[in-house]
Amino acid sequence: MFVDADYPANPYPGARPDFSFVHQGGQFTELRPVDLAEGIPVLAYGSNACPSKITWLREELGLTGPVTVLRVHCTGLAAVWASALRVRDGQRPATLAAAPGRVETHAVWLATPEQVRVLDACEGRGARYRLVRLHTGEIRTEDGLLLPDVLAYVGASEIRLPLLVDGAPVPCAEVTQADAIGLVGVPGPDGLDATTITGDPQADDWPEQVFVYGTLQPRGTAWHIAAPWSVGEPVRAELTGTLYDSGFGWPALRLTGTDTVPGYLVRLRSPAEAFAVLDDYEDTDYRRVRTVLADGTLCWTYEWIAPVEGMITLPRGW
């Protein structure tokens, strides 16, 4: 068990633990193994990775519930100093920029929709920062799991664009807050490839891909249900588990066991809308869960939750 006092918020961006953690009520515990079952992934590259800042969000902005914070390694991205100082305390805040070849360690919140709304208020969404889905760089957990399409708050106006000094942004890791306050430069572009999020982000929108292994596969009897939501060509893929013949004309997957289960990875447009249709098709014998494929890809799939007693296994797939 750890306490906020071990990781003060000042000077900005504050101190952060060198491990993943779950924060609640001014104290937090190390998180191992990482649980990706729920939440909206939001990159925390500034003060939001600091436990004391999280408590400030609870006290000042009404943040509630456990906060799951994953330590991650970011490639091709950098926290850099923004172009203007904060009105609240005169410190220079961070913003995000593309940084080819650079590797930095930051954090990802697995936030509830309510927690995202608190972050919106804190970050001044739409005025100071905008919420985007990142397509630049690569973000991985410490055990190597790739987290695709993570959300992040990036500069929405000139005051939160990167500060360019001699034509280049200044990484926060290379210049202290005390020195950053005195930097002189001009606002510049962040170089990010990102899609702005409109409205409230949905947990079901991440990740944007689903592993199908039965009737929803291309050329399967129910592919016509998934096809309208598919983007690009489905890709052959596999995961580890046990596949059963349900006896009803479709297979039943359990994410236990050591068999290789073949199928397809399908990228979806508007996943939350697509899953409203696919969930209805799969009905109550299945639950949709986040899982990791054999190659480390994070995706959704449908796991059978009804009994499997008496079913034969399908070691070569459906």
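Student: Account for the overall build of the protein, with residues named and values stated.
Tutor: Helices and strands together make up the secondary structure of the protein, namely five helices and 18 strands. Projected onto the principal axes, the alpha-carbon positions of the protein cover approximately 70 × 40 × 30 Å. Put simply, the protein has 318 residues, and 51% of those count as buried. In the protein, of all internal contacts separated by at least 6 residues, the share reaching a separation of at least 24 is 74%. In the structure as shown, the protein presents an accessible area of about 14,400 Å², 52% of it carried by carbon and sulfur atoms. Charged side chains of the protein number 25 positive and 40 negative; the gap between the two group centres comes to 3 Å.

Student: How would you summarise the packing of aromatic side chains if you had to cite specific residues and measurements?
Tutor: For the coordinates displayed, the defined rule picks out ten aromatic pairs. Between Arg 88 and the ring centre of Trp 56, over which it is positioned, the NZ or CZ distance is 5.1 Å. Arg 288 extends its terminal NZ or CZ atom over the ring of Trp 300, reaching a point 4.6 Å from the ring centre.

Student: Mind laying out the pairing of strand β5 (residues 67–81), listing which residues take part and the relevant values?
Tutor: Most of β5 is tucked away, with twelve of its 15 residues classed as buried. In this structure, strand β2 (residues 21–24) lies alongside β5, joined through three bridges in antiparallel fashion. When the bridges of β5 are listed, Phe 21 appears paired with Val 69. Two strands pair when backbone bridges link them, and β5 and strand β6 (residues 94–111) are joined in this way by 13 bridges, in the antiparallel orientation. When the bridges of β6 are listed, Leu 77 appears paired with Ala 98. Taken together, the four bridges between β5 and strand β8 (residues 138–141) define a ladder with antiparallel strand orientation. Counted as the bridge partner of Cys 74 is Ile 139 from β8.

Student: A description of the environment of Gly 76 should follow, citing residues and the corresponding values.
Tutor: Examined against the element boundaries, Gly 76 turns out to sit in strand β5. The exposure class of Gly 76 is buried, given its relative accessible area of 10%. Sequence spacing of Gly 76 and Arg 130 is 54 residues, and the spatial spacing of their C-alpha atoms is 20 Å. When neighbours within four sequence positions are excluded, Gly 76 is seen to be in contact with Ala 97, Ala 98, Ala 99, Pro 100, Gly 101, Arg 102, Thr 136 and Gly 137.

Student: Give a description of the sheet that holds strand β12 (residues 186–187) that names residues and reports values.
Tutor: Pairing is antiparallel across the open sheet formed by three strands, whose spatial order is β11-β10-β12. The open sheet has two free edges, formed respectively by β11 (168–169) and β12, since each of these has just one partner strand. As defined by bridge partners, strand β10 (residues 163–165) adjoins β12 across two bridges and the pair is classed as antiparallel. Counterpart to Leu 163 in the pairing with β12 is Pro 187.

Student: Tell me about helix α2 (residues 113–123), residues and numbers included.
Tutor: The complete set of buried residues in α2 reads Gln 115, Val 116, Val 118, Leu 119, Asp 120, Cys 122 and Glu 123. On its buried face, α2 is in contact with β4 (40–44), α1 (51–61), β5, β6, β7 (129–134) and β9 (151–155).

Student: So what's going on with α1? Residues and values would help.
Tutor: Because each turn of an α-helix spans 3.6 residues, side chains separated by three or four positions end up pointing in the same direction. Here α1 has its buried residues at Pro 51, Ser 52, Lys 53, Ile 54, Thr 55, Leu 57 and Arg 58. Summarising the contacts, the buried residues of α1 are in contact with β2, β3 (27–30), β5, β6 and α2. Positioned one or two residues after α1, Gly 62 has a phi angle of 80°, which is positive.

Student: Outline the nonpolar core, listing residues and values.
Tutor: Judged by nonpolar contacts, the single largest core of 55 residues is most densely connected at Leu 43, Leu 96, Trp 109, Leu 134, Ile 139 and Leu 147. Mapped by element, the contributors of at least two residues to this core are β4, α1, β5, β6, α2, β7 and β9. Looking at this core, the element that brings in the most residues is β5, giving eight residues. Counting residues in hydrophobic clusters, the runner-up holds 33 residues, among them Phe 211, Trp 223, Val 261 and Ala 274.

Student: Outline the side chain of Ser 83, supporting the account with residue identities and numerical values.
Tutor: Take Ser 83: it is sitting in the loop between β5 and β6. Judged by its relative accessible area of 18%, Ser 83 falls in the buried class. Within the structure, Ser 83 has its side chain in polar contact with the backbone oxygen of Ile 159 (distance 3.4 Å).

Student: Describe unusual backbone geometry, and please don't skip the residues or the numbers.
Tutor: Omega for the bond connecting Tyr 12 with Pro 13 falls within 30 degrees of zero, at 10°, which places this linkage in the cis form. Examined against the element boundaries, Pro 13 turns out to sit in the loop between β1 (2–3) and β2. Backbone torsion omega between Trp 206 and Pro 207 reads -5°, so that peptide bond is classified as cis. Along the chain, Pro 207 falls in the loop between β13 (194–196) and β14 (209–212). The phi angle at Ser 270 is positive, at roughly 45°, despite the residue not being glycine.

Student: Hey, could you go over the pairing of β2 for me, with residue numbers and the actual values?
Tutor: Only one face of β2 is covered, namely the face carrying Phe 21 and His 23; the face carrying Val 22 and Gln 24 is uncovered. Here β2 runs beside β3; their pairing, made up of four bridges, is antiparallel. Counted as the bridge partner of His 23 is Phe 28 from β3. Hairpin connection from β2 to β3: two residues lie between these consecutive antiparallel strands, with Gly 25 at a positive phi of about 65°.

Student: How would you explain a nonpolar patch on the surface if you had to name every residue and give the values?
Tutor: A grouping of Phe 248, Trp 250 and Trp 318 is seen on the molecular surface, where their side chains present a nonpolar patch of about 350 Å² in accessible area. Residue placement: Trp 250 occurs in the loop between β15 (235–245) and β16 (251–267).

Thresholds applied
As a convention, each chain's residues are numbered from 1 in the sequence order in which they are written. Under the rules for a predicted model, residues below a pLDDT of 70 receive no local features and side-chain atom pairs below 80 are neither given nor counted, while totals for whole chains, interfaces and linings still include all residues. Side-chain measures were taken over the full set of non-hydrogen atoms in the model, leaving aside hydrogen atoms and water. Secondary structure elements are defined from DSSP: runs of H or I of at least 4 residues count as helices, runs of E of at least 2 residues count as strands, and each element is numbered from the N terminus. Using a 1.4 Å probe on the protein chains alone, a residue whose accessible area is under 20% of its type maximum counts as buried, one over 50% counts as exposed, and one in between counts as partly exposed. Throughout, a residue-residue contact means that at least one pair of heavy atoms, one from each residue, lies within 4.5 Å. All accessible areas in this document rest on Shrake-Rupley with a 1.4 Å probe, and a residue is counted as covered only by the protein chains that are shown. For this count, His and the chain ends are skipped, Lys and Arg are scored as positive, and Asp and Glu as negative. Note on charges: their place is set at NZ of Lys, CZ of Arg, CG of Asp or CD of Glu. Two rings belonging to Phe, Tyr or Trp (six-membered ring only in the last case) form a pair when the distance between their centres is within 6.5 Å. Interplanar angles under 30 degrees mark stacking, angles over 60 mark edge-to-face geometry, and anything in between is tilted. Charges are assigned to positions over rings by a cutoff of 6 Å between ring centre and Lys NZ or Arg CZ, combined with an angular limit of 35 degrees from the ring normal. Here the rule is simple: two strands pair whenever DSSP picks up at least two bridges between them. For our purposes a nonpolar core is just a set of buried Ala, Val, Leu, Ile, Met, Phe, Trp, Tyr and Cys residues, chained together by side-chain atoms within 4.5 Å. Here a polar contact is recorded for every N or O atom pair within 3.5 Å, except that within protein the pair must consist of a potential hydrogen donor and a potential acceptor, and residues adjacent in sequence are included only if both atoms are side-chain atoms. Within this analysis, patches are made of residues with over 30% relative accessible area and no salt bridge. Like charges are joined at 9 Å or less; nonpolar side chains (Val, Leu, Ile, Met, Phe, Trp, Tyr) at 5 Å or less. Salt bridges are counted wherever a side-chain nitrogen of Lys or Arg sits within 4 Å of a carboxyl oxygen of Asp or Glu.

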